[in-house]
Amino acid sequence: MDNSTPLTYSFTVHGDDFSSAGEASVQVKKILRSIGFDADTIRRVSIAMYEAEINMVIHAGGGVADLYVYPDRIVIVLTDKGPGIADIGLAMSEGYSTAPDNIRSLGFGAGMGLPNIKRYSDNLDIDSKLGEGTKLTITVIPQR
Amino acid sequence: MKVSDIISKCSFTLLVEADTERDITGVYTGDLLSWVMGHGEEGQCLVTIMSNVNVLAVASLLDLSCVILAENVKPDDEFIELAKEKEINVLSSSESAYTICTLLYEALK
Ligand SMILES: Nc1ncnc2c1ncn2[C@@H]1O[C@H](COP(=O)(O)OP(=O)(O)O)[C@@H](O)[C@H]1O
Ligand SMILES: [Mg+2]
């Protein structure tokens, strides 16, 4: 594996189907497991990616998740054409959520998603424009 | 302690049988799935009153040993089918999450 040519995988995250949210994360988990990454790395990627996937479904009507596996790092890029995030600093704070009540009754919308992604990844980059969409770049560096 | 052991020790009902020989490494309880996702750990059993399919995604991603639905919460057919497909043990009990945790505490001692 060359550093400049990562293994790449692409997944469509459907915005109309809240119950299938998480499917891409499960696929990624399987891929990383088969490559032989350690359990802690897989856990961190799973948590971060699942939250990002859920966000694309709840807040942005779906999108695309791309996985790049480098020898020394795992990068996930999630791109959507949703409403964008007005105040990223506010969105990053624990407990802040604009999720509607019906989402809350399903166990989401606690405003923990973005903070969880930050906590479990080694780098989180958010690029968002109001009315255009949001791009999350999540990097996880295996420790072993 | 295996999943099959706690079923008999705590009189849980087995709703979906996947691998009941799995070891239980601990217990986690909560209904906010983002919170569970961030704090739960592999091998734990999850005690919850949430019975929508997102619970199964969390259980699968965290590789939980089983999900225990408290207070006789009834999952729908989609939940049952998906749990079979994802091979997740699903148990249920008429007791509250609190009481279930005390039963598990005794059983796992
Ligand atoms: N992909 C996205 N598109 C638009 N808004 C988003 C997106 N992801 C997050 N947000 C905004 O950031 C807030 C905080 O996100 P998060 O921490 O995941 O909490 P929650 O999803 O529980 O609301 C959301 O309520 C929403 O307003
Ligand atoms: Mg979220």
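Counting starts from 1 at the beginning of each chain's written sequence and moves along it residue by residue. Following the order in which they are written, the chains are lettered starting with A and the ligands numbered starting with 1. For this predicted model, a pLDDT threshold of at least 70 governs which residues receive local features, and a threshold of 80 or more governs which side-chain atom pairs are given and counted, while totals over whole chains, interfaces and linings are taken from all residues. The side-chain numbers reported here are obtained from all heavy atoms of the structure, hydrogens and water having been left aside.

Participant: Please provide a residue-by-residue account of the pairing of strand 2 (residues 62–69) of chain A, values included.
Facilitator: Residues and elements named next belong to chain A. With six of eight residues buried, strand 2 lies mostly within the body of the structure. When strand 1 (residues 7–14) meets strand 2, the two strands line up antiparallel, connected through eight bridges. Following the sheet pairing, V13 is matched in strand 2 by G63. Two strands are counted as paired when DSSP detects at least two bridges linking them. In this text, helices come from DSSP runs of H or I with a minimum length of four residues, and strands from runs of E with a minimum of two, each type numbered from the N-terminal end. For strand 2 and strand 3 (residues 74–80), the ladder comprises seven bridges, and the chain directions are antiparallel. Bridging across to strand 3, V69 finds its partner in I74. For the exposure calls, accessible area comes from a 1.4 Å probe over protein chains only, and a residue counts as buried if that area is under 20% of its type's maximum, exposed if over 50%, partly exposed in between.

Participant: Before we move on, can you summarise the packing of aromatic side chains with the specific residues and values?
Facilitator: All names here are of chain A. Any two of the Phe, Tyr and Trp rings considered here, Trp counted by its six-membered ring, make a pair once their centres fall within 6.5 Å; the pair's planes then place it as stacked at under 30 degrees, edge-to-face at over 60, or tilted in between. In this structure the tally under the stated criterion is two aromatic pairs over all chains. With a centroid separation of 5.5 Å and 85° between ring planes, the pair formed by F18 and F108 is classed as edge-to-face. Of this pair, F18 sits in the loop between strand 1 and helix 1 (23–35) while F108 sits in the loop between helix 4 (101–104) and helix 5 (113–120), and the two are 90 residues apart along the sequence. These aromatic residues form a ring-pair network of at least three members: F18, Y50 and F108. Each ring is checked for a lysine NZ or an arginine CZ that lies within 6 Å of its centre and within 35 degrees of its normal; such an atom marks a charge sitting over the ring. A cation over a ring is seen here: R73 above Y70, with NZ or CZ 3.8 Å from the ring centre.

Participant: How would you sum up the pattern of salt bridges? Please name residues and give values.
Facilitator: Any Lys or Arg side-chain nitrogen found within 4 Å of a carboxyl oxygen on Asp or Glu counts as a salt bridge. Inspection of every chain in the model, using the stated rule, returns 10 salt bridges over all chains. Across the salt bridge formed by A:R44 and A:D122, the nearest N and O atoms sit 3.1 Å from each other. Taken together, the residues span a long stretch of sequence, with A:R44 in helix 2 (residues 39–60) and A:D122 in the loop between helix 5 and strand 4 (123–129) at a distance of 78 residues. For A:R44, a relative accessible area of 10% translates into the label buried. Among the salt bridges present, the one from B:K2 reaches B:E21, with a minimum N-O distance of 3.3 Å. Separated by 19 residues along the polypeptide, B:K2 in the segment before helix 1 (3–9) and B:E21 in the loop between strand 1 (13–16) and strand 2 (26–29) bring together distant segments of the chain. For B:K2, a relative accessible area of 31% puts it in the partly exposed group.

Participant: I'd like to hear about the site of ligand 1, residue by residue, with values.
Facilitator: All names here are of chain A. Definition of nearness: a residue and a molecule or strand are near each other if at least one heavy atom of the residue lies within 4 Å of the molecule or strand. Close to ligand 1 lie 18 residues; N55, H59, S97, T98 and G111 are nearest. At a separation of 3.2 Å, an oxygen atom of ligand 1 approaches a polar backbone atom of A110. N or O atoms closer than or at 3.5 Å make up a polar contact, with two conditions inside protein: a donor-capable atom paired with an acceptor-capable one, and, for residues adjacent in sequence, both atoms drawn from side chains. Between ligand 1 and G111, the relevant distance is 2.9 Å, taken from an oxygen atom to a main-chain nitrogen or oxygen of the residue. About the coverage of ligand 1: the protein hides 94% of its 540 Å² of free accessible area. Elements represented by at least two residues in the shell around ligand 1 include exactly helix 2 and helix 5. Polarity classes work like this: nonpolar for Ala, Val, Leu, Ile, Met, Phe, Trp, Tyr, Cys and Pro, charged for Asp, Glu, Lys and Arg, and polar for all others, with Gly in that last group. When the residues that make up the shell around ligand 1 are grouped by side-chain class, the tally is eight nonpolar, nine polar and one charged. Residue-level accessible areas treat just the shown protein chains as cover; the underlying method is Shrake-Rupley with a 1.4 Å probe.

Participant: Residues and numbers for the interface of chain B and chain A, please.
Facilitator: On the chain A side, the residues contacting the 23 residues of chain B number 24 residues. Considering only the surface of chain B that becomes buried against chain A, B:S34, B:N54 and B:L61 emerge as the three largest contributors, covering 33% of it. At the surface where chain B touches chain A, the tally comes to one salt bridge. B:D63 is the partner of A:R33 in a salt bridge, and the nearest nitrogen-oxygen pair spans 3.3 Å. Taken together, the links from chain B to chain A amount to 10 residue pairs in polar contact (both at pLDDT 80 or more). Mapped by element, the contributors of at least two residues to the side of chain B that touches chain A are helix 2 (33–39), helix 3 (54–62) and helix 4 (77–86) of chain B. Considering only residue class, the side of chain B that touches chain A consists of 10 nonpolar, seven polar and six charged. We call two residues in contact whenever any of their non-hydrogen atoms come within 4.5 Å of each other. Buried area: the sum, over both parts, of the accessible surface (1.4 Å probe) that disappears when the two are put together.

Participant: For the packing of helix 3 of chain B against helix 4 of chain B, give the residues involved together with the corresponding values.
Facilitator: Residue and element names in this part refer to chain B. Axis separation between helix 3 and helix 4 bottoms out at 10 Å; the angle between their running directions is 15°. Considering the angle they form, helix 3 stands roughly parallel to helix 4. The crossing of helix 3 and helix 4 is right-handed. Contacts between helix 3 and helix 4 involve V55, L56, A57 and S60 from the former and F79, L82, A83 and K86 from the latter. Whenever a helix is involved, its axis is fitted only over the stretch in contact; in every case the axis is a line through C-alpha atoms, and angles between N-to-C directions fall within 0 to 180 degrees. Relative orientations are named as follows: roughly parallel for angles under 35 degrees, roughly antiparallel for angles over 145 degrees, roughly perpendicular for angles from 65 to 115 degrees, and oblique for any other angle. Helix crossings are classified by the rotation of the near helix relative to the far one: an anticlockwise turn of less than a right angle makes the crossing left-handed, while a clockwise turn makes it right-handed.

Participant: Can you tell me about the sheet that holds strand 4 of chain A, naming the residues and giving the values?
Facilitator: Residues and elements named next belong to chain A. Reading across from one edge, 1-2-3-5-4 is the order of the five strands in this open sheet, with antiparallel pairing throughout. Each edge of the open sheet is held by one strand with a lone partner, namely strand 1 and strand 4. Sheet twist, expressed as the average angle between the axes of neighbouring strands with direction ignored, equals 15°. Packing of helix 1 onto the sheet brings it into contact with strand 1, strand 2 and strand 3, and relative to strand 1 it is tilted by some 160°. Most of the contacts of helix 2 go to strand 3, to which it runs at about 5°, and overall it touches strand 1, strand 2, strand 3 and strand 5 (133–140).

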